[in-house]
Number of protein chains: 2
Amino acid sequence: MHTAGVTLQQVAQQAGVSLATASRVLHGSGSRTVGEELRRRVEAAAQELRYVSNAPAQALARATSDVVGLIVHDVADPYFGAIAAGAMRAAREQRLMVMIAATFREPGLELEYLRSLRAQRARAVILAGSGTADADATARLAEEIAGFEADGGRVVCVGERGPDLDTVVMANRGGGGLAARGLWDLGHRRIGVVSGPAELLTVRHRLDGARRALRSLGAPLAPDAVTVGDFTREGGRVAAVRLLRARPDLTAVLVLNDVMAAGALAGLRDDLGLAVPDRVSVVGFDDVPFAADLRPALSTVRLPLEAAGEAAVRLLLEPSGDEPRRVALAAELVLRDSTATTVG
Amino acid sequence: MHTAGVTLQQVAQQAGVSLATASRVLHGSGSRTVGEELRRRVEAAAQELRYVSNAPAQALARATSDVVGLIVHDVADPYFGAIAAGAMRAAREQRLMVMIAATFREPGLELEYLRSLRAQRARAVILAGSGTADADATARLAEEIAGFEADGGRVVCVGERGPDLDTVVMANRGGGGLAARGLWDLGHRRIGVVSGPAELLTVRHRLDGARRALRSLGAPLAPDAVTVGDFTREGGRVAAVRLLRARPDLTAVLVLNDVMAAGALAGLRDDLGLAVPDRVSVVGFDDVPFAADLRPALSTVRLPLEAAGEAAVRLLLEPSGDEPRRVALAAELVLRDSTATTVG
DNA sequence: CTGTTAGCGCATTCAA
DNA sequence: TTGAATGCGCTAACAG
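Residues numbered from 1 in each chain as written. Chains lettered and ligands numbered in written order. Predicted model: local features only at pLDDT ≥ 70, side-chain atom pairs only at ≥ 80, totals over all residues. Heavy atoms only, no water.

A. Structural context of the overall build of chain A. Helix and strand counts for chain A stand at 12 helices and 12 strands. Since a compact globule built from 344 residues should have a radius of gyration of about 20 Å, the 25 Å found for chain A marks it as more spread out than a globular shape. If you line up chain A on its principal axes, its C-alpha atoms span 85 × 40 × 35 Å. When the 344 residues of chain A are sorted by exposure, 57% land in the buried category. (Helix = DSSP H or I, 4+ residues; strand = E, 2+ residues; numbered from the N terminus. Rg over C-alpha atoms; globule rule 2.2 N^0.38 Å. Buried < 20%, exposed > 50% of the residue type's maximum accessible area, 1.4 Å probe, protein only.)

B. Representation of the protein's contact with DNA strand C within the structure. Neighbouring DNA strand C are 24 residues; T21 and G35 of chain A together with L8, S23 and Y51 of chain B lie closest to it. For DNA strand C, the fraction of protein-proximal atoms (within 4 Å) that sit in sugar or phosphate groups is 66%. In the model, a phosphate oxygen of DNA strand C is placed 2.6 Å from a nitrogen or oxygen of the S23 of chain B side chain. Every element with two or more residues in the surface near DNA strand C is listed here: α2 (19-27) and α4 (55-62) of chain A together with α2 (19-27) and α4 (55-62) of chain B. Counted by class, the surface near DNA strand C contains 12 nonpolar, 10 polar and two charged residues. (Near = heavy atom within 4 Å. Polar contact = N/O pair within 3.5 Å; in protein donor to acceptor, adjacent residues only side chain to side chain. Nonpolar A, V, L, I, M, F, W, Y, C, P; charged D, E, K, R; others polar.)

C. Focus on the relation of the copies chain B and chain A. Rotating chain B by 180° and translating it 0.1 Å along the rotation axis places it on chain A, where the RMSD comes to 0.1 Å. What the superposition gives is, in effect, a two-fold axis relating one chain to the other. Mapped onto chain A, 100% of the interface residues of chain B are again interface residues, and the two copies thus contact each other with one and the same surface. (Least-squares fit on C-alpha atoms with pLDDT ≥ 70 in both. Contact = heavy atoms within 4.5 Å.)

D. Highlighting the packing of aromatic side chains. Under the defined criterion, the tally for this structure stands at three aromatic pairs over all chains. Centroid distance Y79 of chain B to F80 of chain B: 4.9 Å. Interplanar angle 90°. Geometry classified as edge-to-face. For Y79 of chain B, a relative accessible area of 12% corresponds to the buried category. The side chain of R89 of chain A reaches across the aromatic face of F104 of chain B, ending 4.3 Å from its centre. (Phe/Tyr/Trp six-rings, centres within 6.5 Å; stacked < 30°, edge-to-face > 60°. Lys NZ or Arg CZ within 6 Å of the ring centre and 35° of its normal.)

E. Geometry of the nonpolar core. One finds L70, I100 and M170 of chain A together with L70, I100 and M170 of chain B to be the most contacted residues of the largest nonpolar core, which totals 160 residues. Setting aside residues no more than four positions away along its own chain, L70 of chain A makes contact with A84, A87, V98, M99, I100, A101, I126 and A128 of chain A. Within the second largest apolar cluster, 38 residues are counted, among which are L127 of chain A together with Y113, A122 and L127 of chain B. (Core = buried A, V, L, I, M, F, W, Y, C linked by side-chain atoms within 4.5 Å.)

F. Broad picture of the pattern of salt bridges. All names here are of chain B. A full pass over the atoms with the stated rule returns 60 salt bridges over all chains. In this structure, the salt-bridge partner of R336 is D287, at a minimum N-O distance of 2.6 Å. Taken together, the positions of R336 in the segment after β12 (332-334) and D287 in the loop between β9 (281-286) and β10 (299-302) put the pair 49 residues apart, joining distant regions of the chain. For R336, a relative accessible area of 21% puts it in the partly exposed group. Judged by its relative accessible area of 15%, D287 is buried. Across the salt bridge formed by E332 and R302, the nearest N and O atoms sit 3.7 Å from each other. On the criterion of sequence distance, the pair formed by E332 in strand β12 and R302 in strand β10 is long-range, its members being 30 residues apart. Overall, E332 belongs to the partly exposed group, its relative accessible area being 42%. (Salt bridge = Lys/Arg side-chain N within 4 Å of Asp/Glu carboxyl O.)

G. Looking closely at the environment of V226 of chain A. All names here are of chain A. In this fold, V226 is placed in strand β7 (residues 226-228). The spacing of V226 and A239 is 13 residues in sequence and 9.4 Å in space, taken between C-alpha atoms. Setting aside residues no more than four positions away along its own chain, V226 makes contact with V193, S195, L207, L221 and L243.

H. Layout of the sheet that holds strand β3 (residues 124-127) of chain B. A sheet is described by the order of its strands in space; here 12 strands give the open sequence β11(A)-β5(A)-β4(A)-β3(A)-β1(A)-β2(A)-β2(B)-β1(B)-β3(B)-β4(B)-β5(B)-β11(B), paired in mixed fashion. The sheet is open, and its two edges are formed by β11 (326-329) of chain A together with β11 (326-329) of chain B, each paired on a single side. Averaged over all neighbouring strand pairs, the angle between strand axes comes to 20°, with direction disregarded. Bridging between strand β1 (residues 67-72) of chain A and strand β2 (residues 97-102) of chain A involves six bridges; their strand directions are parallel. When the bridges of β2 of chain A are listed, L70 of chain A appears paired with I100 of chain A. Lying over the sheet, helix α5 (residues 78-93) of chain A contacts β1, β2, β4 (154-158) and β5 (166-170) of chain A together with β2 (97-102) of chain B, oriented at roughly 160° with respect to β2 of chain A. (Pairing = 2+ DSSP bridges. Axes fitted to C-alpha atoms, helices over the stretch in contact; angles between N-to-C directions.)

I. Representation of the environment of L268 of chain B within the structure. Residue and element names in this part refer to chain B. Mapping L268 onto the fold places it in helix α11 (residues 258-271). On the accessibility criterion, L268 (1% relative accessible area) is buried. In contact with L268, other than residues within four places in its own chain, are A240, L244, G273, L274, V276 and V282.

J. Representation of the interface of chain B and chain A within the structure. If you look at the interface, chain B gives 61 residues, while chain A gives 61 residues. Here chain B and chain A share an interface that buries about 5600 Å² over both sides, 58% of which is from carbon and sulfur atoms. Across the contact surface, chain B and chain A share eight salt bridges. Notably, a salt bridge pairs R92 of chain A with E112 of chain B, separated by 3.6 Å at the nearest N-O pair. Along the contact surface separating chain B from chain A lie 14 residue pairs in polar contact (both at pLDDT 80 or more). Elements that contribute at least two residues to the side of chain B that touches chain A include exactly α4, α5 (78-93), β2, α6 (107-119), α7 (135-150) and α11 of chain B. A per-element tally of the side of chain B that touches chain A places α6 of chain B first, with eight residues. Its residues assigned to classes, the side of chain B that touches chain A shows 34 nonpolar, 11 polar and 16 charged. (Buried area = accessible area lost by both parts, 1.4 Å probe.)

K. Structural view of the sheet that holds strand β6 (residues 191-195) of chain A. Residue and element names in this part refer to chain A. Within the open sheet, the six strands sit side by side as β7-β6-β8-β9-β10-β12. Their pairing is mixed. One side of each edge strand has no neighbouring strand; the edge strands of this open sheet are β7 and β12 (332-334). Going across the sheet, the axis of each strand differs from the next one's by a mean of 20°, ignoring polarity. Note that strand β10 (residues 299-302) and β12 share three bridges and pair antiparallel. By the bridge assignment, T300 is partnered in β12 with V334. Contacting β6, β8 (252-255), β9 (281-286) and β10, helix α11 (residues 258-271) runs over the sheet at an angle of about 160° to β9.

Spelled out as structure tokens, the structure:
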């Protein structure tokens, strides 16, 4: 394979210059330290021979590459799709290639892919999935990260993973609070939560934010007002139905991500026959693109997903300082049609 | 950067064996031609030193890599998200890394990324975006593809790009026909089409399929019953509104992708006040995940997106034969709530 | 400004 | 089965 490749050497020969000169012309970093004439000859030769540079060889010689890895749970999930889109847009401006790995939520895979990216000598890795509360997994990951950084690689997290990592944090707690207070302001006093898997830090923070807000409002979240489901549409449907069967008195429910909220909307309507927002108000989380197209249009906590992806790339380009860097991105409550006032 | 990396050489030394032996143990392709004792020693040394292999060096030495490129228009688009998810799942089984490049629909970028992937010595590239009817762009792309293949790389397309490329074709024409006939069977006789950009081959084929079906049914598509919009939600909204203002007599409209259909549904309802499906039936195309969550739930032509991604990866693993290979995937009409019978 | 030279880390002959 | 030697294509001193 890859036998017929034209080499820099051949280009140099054809142009009648040395290998070094050809390298300077074709890959030289801006500092144009090559004469006009030779430069032209090299470019002509490269053109004529259809030269394509060999990135692995460059990576080997330079001990660094133009690849950045992006590890997500699932590319088909709009949440990660948006983050990836932002990251790729920013990467393009820096002429970086993005290598995406999807763990499909298998915990071990994250580690495996990080290792793989490390083998690729990726310049940096963005960890976009939520961290988990599993201490063992976290420790092993931390070790791998340390190794990667020791080799000169950069690691940036989107979402909380640990205090000494550069990270882009979105206001999960803040967003949870925003949603709870929003519902409260609408008059709701019996509010429930459809949560995702408790190991996910993102979920914990969102729930925690809501919990605190409610407590400070004087209406602490009762244990049976919280139910847990898979972080999927189906998980949202099942959990929402379960919650409202157990607590039919609830007038509002906060669902901790939009994909689950889509399922919740379906479940409340089809399985339970409860009108949204007349009988129950629903608030989602993330504001993924399709949220506004659900009926009723989903009220939700908007997170700047694309911006987070961009910020992550920007962060990994800055030289890593002595202090871990953090970029905080705010959340915003978007009220659409799935929420209404209530008299209680 | 990447200075501290442990090398194979060091592992060999620590294990008291030669570089070659260490290489055979750690990277040898199955054929276990190394003695039990030495093997153990090498593995122990690698473990202890936390050795991570250097993929670029391997790529250079063996002149091939474990990277496959995937070029899409937009990762945030659920259509490509699904294809990417399928491809990544299949890639994982083969221990391949997927490098995704997003062109954001800029035509020139596709070429640039293909070139970049070629520079990476990617083992193969999957071209997932629709081809275009622009002869010049197509020719330049063909040239780049030929170069890539000449170097031993494999190229697989998802969607039609040319007769001599290995490709996974989804039934775009067939799906267009299915939709048209489905509407016809529901009693619709005045059917319109909201199309996407005419340069996209995918769009052409879908439209063509619908056109043919309608003609053979004895109700050829009138020129003013077809309108073109951007391949986005907003494009769908605007185009649908325009179409139904121009042809208020239409009782059904086929929208050539689901994202546009979401916009069309919104436009019909909010801008025009037309009830779907009572006044107008709407059929989308693709069956992306959120289609069933739109209200009314979108009737659409289902394409096996994930399967296409998987098929593409499988295709590029088979040795390329003398004849270009083609995998054909069928479409299926899914009737939900956005379509109804009509007497009109 | 340009050329010479010495590796980068690894796979792979070829001998032993 | 194992080891020594060679080169993959390129960059980065260094020397001129």
